[in-house]
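So you can see what is in the structure, the chains are spelled out below.
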Amino acid sequence: MMNNDTNLQAGLNWRLSVAPMMDWTDRHCRYLHRLLTRHTLLYTEMVTTGALLHGDVPRHLRFDAQEHPVALQLGGSEPADLARAARLGAQWGYDEINLNCGCPSERVQRGAFGACLMNEAALVAEGVKAMRDVVQIPVTVKHRIGIDKSESYEFVRDFIGTVAEAGCEVFIVHARNAWLKGLSPKENREIPPLRYDVVARLKREFPHLTIAINGGFKDSAAVAEQLAQVDGVMVGREAYHNPWWLASWDEAFYGAAPSTLTREGVEELMVEYMEREALEHGTHWYSVARHMLGLRHGMAGARRWRQVWSDHRLKVLPAREVMALAHAGDARE
Ligand SMILES: Cc1cc2nc3c(=O)[nH]c(=O)nc-3n(C[C@H](O)[C@H](O)[C@H](O)COP(=O)(O)O)c2cc1C
């Protein structure tokens, strides 16, 4: 585990990040993403305070040392619970604690956290303060630009203002409203319109805060355009569906040398990881492979390769044999 001093020395930054995504950004997915980009900040799936305080802590918090820098996203609203969960996160070596104030799901609303917390800025501020009191690592907030149909800029401005007073210095803004009634979480990522201008305005209003934008980014040109206005860009779905895009980020956005990776090289490293995981933790390769199905996105033969790696009938074979089958078609294409 890293201690806090090492985290601080690591100089966490929010220039590029991969979004927290339930069922998607588990530790296996993050391992893949880390092979592709050294510098991008990675987020866990949301973990609720209830799951951490009453559940299987290692199952929720275990991660590979290679994943750094990695942020733990919490879902919750009770300041004392958030503080206990944040302390656990810091003890397990996470580099940041992020509070989810953007999830619109009904389940989350019943627990009174997620996006509905935007209506309770004072409570969020209290939660942030409680967490900051017990950890040294940054405590950040991910939120939307508004709730339901309200287009009030003042609403999101005041939310940030209140939470910043409690010591939060980093805000990740999903640049669309959350409609709390009538839309599923999936629709809530597609239907409320994206309004990037609101996030740029927030950055102008709070120049001393770190403001990262999220929502709808699919190519490096769009990311670069945002980086001229705000401090960071968080990418969700496109990073998951087209992970090879990440292999260009260190060079494009962190000034690193061009990547020498190949898709085949990454696949080989993933198979080695699958073998290690199977031995050490009894993980089936299938739980790992599902996250790399987009690795050949847009290439000739991608469909067949993907079909092999997602074929249930092949689950009885070791990962290395499945890779051989997945490559058997390559020569013909
Ligand atoms: C499958 C899935 C699960 C998600 N789970 C979470 C989550 O646990 N916490 C969260 O803050 N956002 C979650 N989100 C929202 C993303 O973090 C992100 O805000 C959203 O997808 C918009 O970014 P994008 O257009 O780049 O995908 C999820 C999104 C998807 C697609």
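Notes on the structure in this doc start here. Predicted model, so just to flag it, every value in this text is computed and none were measured. (Residues numbered from 1 in each chain as written. Predicted model: local features only at pLDDT ≥ 70, side-chain atom pairs only at ≥ 80, totals over all residues. Heavy atoms only, no water.)

Things to note about the pattern of salt bridges
Line of reasoning, step 1. Applying the stated criterion to the full structure yields 12 salt bridges.
Line of reasoning, step 2. Between Glu 67 and Arg 30 there is a salt bridge, with its nearest N and O atoms 2.6 Å apart. Note that Glu 67 is positioned in the loop between α4 (57-61) and β3 (70-75) and Arg 30 in helix α2 (residues 27-36), a separation of 37 residues in sequence. The pair Glu 67 / Arg 30 is uniform in exposure class, with both members buried.
Line of reasoning, step 3. When the shortest N-O distance is used, the salt bridge between Lys 129 and Asp 133 registers 3.0 Å. Of this pair, Lys 129 and Asp 133 both sit in helix α7 (residues 121-134), separated by four residues, roughly a single helical turn.
Line of reasoning, step 4. Put simply, Lys 186, Glu 190 and Arg 237 are held in one network by salt bridges that share partners. (Salt bridge = Lys/Arg side-chain N within 4 Å of Asp/Glu carboxyl O. Helix = DSSP H or I, 4+ residues; strand = E, 2+ residues; numbered from the N terminus. Buried < 20%, exposed > 50% of the residue type's maximum accessible area, 1.4 Å probe, protein only.)

Structural notes on the site of the ligand
Line of reasoning, step 1. The immediate surroundings of the ligand are formed by 17 residues, with Gln 73, Asn 214, Gly 216, Gly 236 and Arg 237 found nearest.
Line of reasoning, step 2. In this structure, Met 22 approaches the ligand through a main-chain N or O atom, which is 2.8 Å from a nitrogen atom.
Line of reasoning, step 3. Within the side chain of His 174, a nitrogen or oxygen atom sits 3.4 Å from an oxygen atom of the ligand.
Line of reasoning, step 4. The fraction of the free accessible surface of the ligand (610 Å²) that becomes covered by protein chains is 93%.
Line of reasoning, step 5. Class assignment for the residues of the shell around the ligand results in seven nonpolar, seven polar and three charged. (Near = heavy atom within 4 Å. Polar contact = N/O pair within 3.5 Å; in protein donor to acceptor, adjacent residues only side chain to side chain. Areas by Shrake-Rupley, 256 points an atom, 1.4 Å probe, with all protein chains shown as cover. Nonpolar A, V, L, I, M, F, W, Y, C, P; charged D, E, K, R; others polar.)

Some details on the state of the cysteines
Line of reasoning, step 1. Counted under the stated rule, the structure contains zero disulfides.
Line of reasoning, step 2. Free of any disulfide, Cys 168 has its nearest neighbouring cysteine sulfur in Cys 101, separated by 8.9 Å. (Disulfide = S-S within 2.5 Å.)

Details of the side chain of Asp 95
Line of reasoning, step 1. Along the chain, Asp 95 falls in the loop between α5 (79-91) and β4 (96-101).
Line of reasoning, step 2. Lacking a salt bridge, the buried Asp 95 has Arg 34 as its closest oppositely charged neighbour, with an N-O distance of 6.9 Å.
Line of reasoning, step 3. Among the polar contacts made by the side chain of Asp 95, one reaches the side chain of His 68 at a distance of 2.7 Å.
Line of reasoning, step 4. For Asp 95, the side chain forms a polar contact with the main-chain nitrogen of Val 70, separated by 2.7 Å. (Lys, Arg positive; Asp, Glu negative; His and termini not counted.)

Notes on the packing of aromatic side chains
Line of reasoning, step 1. Evaluation of the coordinates by the stated rule reveals seven aromatic pairs.
Line of reasoning, step 2. Look at Trp 24 and Tyr 240: their rings are 4.3 Å apart centre to centre, the planes differ by 20°, and that puts the pair in the stacked class. Residue Trp 24 is found in the loop between β1 (16-18) and α2, and its partner Tyr 240 is found in helix α11 (residues 237-241); the two are separated by 216 residues along the sequence.
Line of reasoning, step 3. With relative accessibility at 10%, the residue Tyr 240 sits in the buried group.
Line of reasoning, step 4. Relative to Trp 249, the ring of Trp 245 has its centre 5.1 Å away and its plane inclined at 85°; by these criteria the two rings are edge-to-face.
Line of reasoning, step 5. Residue class for Trp 245 comes out buried when judged on its relative accessible area of 9%.
Line of reasoning, step 6. Ring pairing ties together the aromatic residues Trp 285, Tyr 286 and Trp 309, which thus form one cluster. (Phe/Tyr/Trp six-rings, centres within 6.5 Å; stacked < 30°, edge-to-face > 60°.)

A closer look at the packing of α7 against helix α8 (residues 153-165)
Line of reasoning, step 1. As a packed pair, α7 and α8 sit with axes 8 Å apart at the nearest point and diverge in direction by 30°. Here α8 runs roughly parallel to α7, going by the angle between their axes. By crossing handedness, the relation of α7 to α8 is classed as right-handed. Between α7 and α8, the residues in contact are Ala 121, Ala 122, Val 124, Ala 125 and Val 128 and Phe 159, Thr 162 and Val 163, respectively.
Line of reasoning, step 2. Across the contact of α7 with α8, the residue classes break down as seven nonpolar, one polar and no charged. (Axes fitted to C-alpha atoms, helices over the stretch in contact; angles between N-to-C directions. Parallel < 35°, antiparallel > 145°, perpendicular 65-115°, else oblique. Left-handed = near helix turned anticlockwise from the far one by under 90°. Contact = heavy atoms within 4.5 Å.)

Notes on the environment of Leu 227
Line of reasoning, step 1. Checked against the element boundaries, Leu 227 lands in helix α10 (residues 220-227).
Line of reasoning, step 2. On the basis of relative accessible area, Leu 227 is assigned to the buried category, the value being 15%.
Line of reasoning, step 3. For the pair Leu 227 and Ile 213, spaced 14 residues apart in sequence, the C-alpha separation works out to 9.1 Å.
Line of reasoning, step 4. If we ignore the near neighbours within four places in the chain, the residues touching Leu 227 are Arg 15, Leu 16, Gly 232, Val 233 and Phe 253.

Looking at helix α13 (residues 263-281)
Each α-helix winds once per 3.6 residues, and so residues spaced three or four apart point in a common direction.
Line of reasoning, step 1. The first and last C-alpha atoms of α13 sit 26 Å apart over 19 residues, in line with the 27 Å expected at 1.5 Å per residue.
Line of reasoning, step 2. Regarding α13, the residues found buried are Arg 263, Val 266, Glu 267, Met 270, Val 271, Tyr 273, Met 274 and Glu 277. Across the axial projection of α13, the buried residues extend over an arc of 165°, all falling on one side. Away from its buried face, by an angle of more than 90 degrees, α13 presents the exposed residues Leu 279 and Glu 280.
Line of reasoning, step 3. Buried residues along α13 sit in contact with α2, α14 (285-289), α15 (302-309) and α16 (319-328).
Line of reasoning, step 4. Directly after α13, the chain includes Gly 282, whose backbone phi takes a positive value near 70°. (Expected span 1.5 Å × (residues − 1). Arc of directions from axis to C-beta.)

Some points on the pairing of β3
Line of reasoning, step 1. With six of six residues buried, β3 is to be regarded as a mostly interior element.
Line of reasoning, step 2. Side chains of β3 alternate between two faces, with Val 70, Leu 72 and Leu 74 and Ala 71, Gln 73 and Gly 75 buried alike.
Line of reasoning, step 3. Judged from the four bridges that link them, β3 and β4 form a sheet pairing that is parallel. Within β4, the position partnered with Leu 74 by the bridge is Leu 99.
Line of reasoning, step 4. Note that the unit made of β3, α5 and β4 has a crossover that is right-handed. (Pairing = 2+ DSSP bridges. Right-handed = clockwise from strand over helix to strand, strands pointing away.)

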